[in-house]
Amino acid sequence: MEANIKYANDLIDFLYESPTAFHAVRNIKAALLRKGFKQLHRGESWNLQKGERYFTTKNASSLVAFTVGTGEIEKEGFRIIAAHTDSPSLKIKPEPEMIGTGNYLKLNVETYGAPILNTWLDRPLSMAGRVSLLSDDPLRPIEKFINFKKPMLVIPNLAIHLNRSVNEGKEYNKQKDMIPVLNLVKENFEKEGYLRKLIADNLKVEPDTILDFDITLYEYEKGSVIGENNEFISSSRIDDLSMVYVGIDALFNSEPAKSTNIMVCFDNEEVGSNTKQGAASPFLKDILKRVSWALSPEKDAFYRAKINSFGISADNAHAIHPNLPENYDPVARPQINCGPVIKYNANQKYTTDAVSAATFKMLCEKADVPVQKYVNKSDIAGGSTLGSILTSQLDIRMVDVGNAMLAMHSIRELQGVKDHYMMRKVFDEFYK
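Rules and cut-offs
- Residues numbered from 1 in each chain as written.
- Predicted model: local features only at pLDDT ≥ 70, side-chain atom pairs only at ≥ 80, totals over all residues.
- Heavy atoms only, no water.
- Axes fitted to C-alpha atoms, helices over the stretch in contact; angles between N-to-C directions.
- Helix = DSSP H or I, 4+ residues; strand = E, 2+ residues; numbered from the N terminus.
- Left-handed = near helix turned anticlockwise from the far one by under 90°.
- Contact = heavy atoms within 4.5 Å.
- Nonpolar A, V, L, I, M, F, W, Y, C, P; charged D, E, K, R; others polar.
- Pairing = 2+ DSSP bridges.
- 1 Å grid on protein atoms, 1.4 Å probe; cavity = no way out; pocket = protein on both sides within 12 Å on 5 of 7 lines; lining within 4 Å.
- Points joined across faces, edges and corners; volume = space filled by probe spheres on them.
- Buried < 20%, exposed > 50% of the residue type's maximum accessible area, 1.4 Å probe, protein only.
- Right-handed = clockwise from strand over helix to strand, strands pointing away.
- Expected span 1.5 Å × (residues − 1).
- Salt bridge = Lys/Arg side-chain N within 4 Å of Asp/Glu carboxyl O.

Draft legend 1. Seen up close, the packing of helix α1 (residues 2-16) against helix α5 (residues 238-252). Remark: α1 packs on α5, axes separated minimally by 10 Å, with the N-to-C direction vectors making an angle of 115°. At the point where α1 passes α5, the crossing takes the right-handed sense. Here Tyr7, Asp10, Leu11, Phe14 and Leu15 of α1 come into contact with α5, specifically with Ile238, Leu241, Ser242, Val244, Tyr245, Val246 and Asp249. Split by residue class, the contact of α1 with α5 holds nine nonpolar, one polar and two charged.

Put into C-alpha cells, the structure is as follows:
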C-alpha cells in the first residue's frame, strides 16, 4: 500500500505543477530529457536509430514520445497509448479588465470545454498559461510560460439570504455568474492594460513587448490523498493528466521492444480535438510515417505497420455514484479501486470492439490486474474521447479505457489510489 500512496502523491505533485497543457508538456519534456530521450524538431530531418528514444512537440501543448523498436517496422508495428493534456477551465478573454459595481476589478473569461461551473465558485484561483512576446521575426514570436502560483481571484456566490431558492437548482450564466474578482479598485486606478502589467511584472519584461496570451484560471489549492484508509486521490485535472502521467512513466521504464512504443499526449480533447494539435489532426500520423520511412526502404512500410499495430485510448471512466445510481447502466457499474475500465458504446463514441477489448483483457490478466466494463445508460448520451477520433486518422485496432472516477469535470475530481497503480502495471505489460 505504501508504494500505491507514494505513486499517488507523485501524481499529485505533477498535477500541481501542470496547471495548463503548456505546463504539462513542459514538465514532461524536462523529464524525458533527464531520461535520455532526444528531442526532434518537426522542421528538420530525422536520423532515427533502433532502440533509441525520441520525442517531439506541437504548439507546446501536445507531445509524442517513442522508443524505436528493434524489429522490422512492417512486421512489429506500433504500440500506442494516447491521452490528453487539457482539462475544462475558464480562459481569460483578450482585453479582459472590467470594473464592477462596488469598485471590484473583474476579469472577463469564457469557458473552455464543459466544466461543472458551480465547483469553481468560492475557491482561491490562480492564473497560468502562455505569453507571446515581440521578436525580430514576425513569424516566430517569443513564447514564455507563466504561472502566478498564488491565490489571486475568486468567483463569489450570492448569499442565500438574497437567493433563497439557490439550493433548489440554479442555472449559471457563463457571462454573468462566472466572472472572477481580481481586486478592489484604488484611487488613480488605470484599468487599461492592468493584466498586461501583472504579466510583465511576473515575467520581468516590458508591458509593450507583450503581444498576446493564452491564460486560464486554475484552482490554487494542491490535491491530496484522502479517505480514512488513504483510498482516494482528490485533485484538479485528474481527467486526463493522470493517464498522461501513467503512460509517460510506463514508457520511461520500458526496455526497447521489437515494436515501436509510443506515448502521445494530445491537446484540445475537451473541445472536440479538431485542432492542429488535437487527435483529429495529422500530428501522430505524420510522425508514424516518418518513423516508418526512417526504418524501412519499403514504400509501403507505414501501411503494413498499421496493420500490425495496436492502440490504447486512455481517458478516464465514470465510477458508480453512491448517491445517484439511477444515472448509470443497471449492470455495468465500475467501482473505484477495482481495476481499469473498458469503455463501450454502440454508436462508436468509444472505439472499443470485441477484438480490441479482448486484447486489453489479456493484458490485464498478464499484469494480474482486475478489469471492469462501462457502458452508458441507454437514455443518456454520454461523452466521447480520443479513440474514435484518432482511428479516423489512423485505422488501427484500438480500445478505450480509463480508471473509474467521480466528479469528472469538477474543479476537484476523485480517483482511486489502487487504480492509479494498477493501470501503470497494465501499461508496463503493453509496452513489453
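Draft legend 2. Main features of the sheet that holds strand β11 (residues 224-226). Pairing within the open sheet is mixed, and its five strands lie in the order β11-β12-β20-β19-β15. The sheet is open, and its two borders are formed by β11 and β15 (317-318), each paired with just one other strand. Across two bridges, the pairing between β15 and strand β19 (residues 404-406) is parallel. When the sheet's bridge partners are listed, His318 is paired in β19 with Met405. Strands in contact with helix α10 (residues 417-431) are β11, β12 (232-235), β19 and β20 (413-416); relative to β20, the strand with the most contacts, it is inclined by about 60°.

Draft legend 3. A look at the layout of surface pockets. Estimates place the volume of the largest pocket at around 650 Å³. What lines the largest pocket is a set of 30 residues, and nearest its centre among them are His318, Tyr374, Gly382, Gly383 and Met408. Those elements that place two or more of their residues in the lining of the largest pocket are β15 and β19.

Draft legend 4. Region of the structure containing the pairing of strand β17 (residues 372-375). Taking every second residue as pointing to the same face, the buried face of β17 carries Gln372 and Tyr374, while none of Lys373 and Val375 on the other face is buried. As for the winding sense of the linkage, the β-α-β connection from strand β16 (residues 341-344) through helix α8 (residues 354-366) to β17 is right-handed.

Draft legend 5. Representation of helix α6 (residues 283-295) within the structure. Taking 1.5 Å of rise per residue, 13 residues should cover 18 Å, and α6 covers 19 Å from first to last C-alpha, within 8% of that figure. The set of residues buried in α6 consists of Phe283, Leu284, Ile287, Leu288, Lys289, Val291, Ser292 and Leu295.

Draft legend 6. Looking closely at unusual backbone geometry. Asp240 follows Asp239 through a cis peptide bond whose omega is 10°. Relative to the helices and strands, Asp240 resides in helix α5. Of note in this structure, Asp122 is not a glycine but carries a positive phi near 60°. You can call Asp122 partly exposed: its relative accessible area is 45%.

Draft legend 7. Up close: the pattern of salt bridges. Taken as a whole, this structure holds 18 salt bridges when the rule is applied. A salt bridge links Asp214 to Lys91; its shortest N-O distance comes to 3.5 Å. With Asp214 in strand β10 (residues 210-219) and Lys91 in strand β5 (residues 89-100), this residue pair connects regions lying 123 residues apart in the sequence. Owing to a relative accessible area of 24%, Lys91 belongs among the partly exposed residues under this scheme. Between Asp300 and Arg304 there is a salt bridge whose closest N-O contact spans 3.3 Å. Arg304 sits in the partly exposed class, given a relative accessible area of 35%. A cluster of three or more residues bridged by salt bridges with shared partners is formed by Lys91, Arg130, Glu143 and Asp214.

Draft legend 8. Representation of the pairing of strand β4 (residues 78-84) in the model. Burial analysis of β4 places six of its seven residues in the buried class, the great majority of the element. Where β4 and strand β13 (residues 260-266) come together, seven bridges link them in parallel fashion. By the bridge assignment, Phe78 is partnered in β13 with Thr260. Where β4 meets strand β14 (residues 310-314), four bridges bridge the pair, whose relative direction is parallel. When the sheet's bridge partners are listed, Ile81 is paired in β14 with Ile312.

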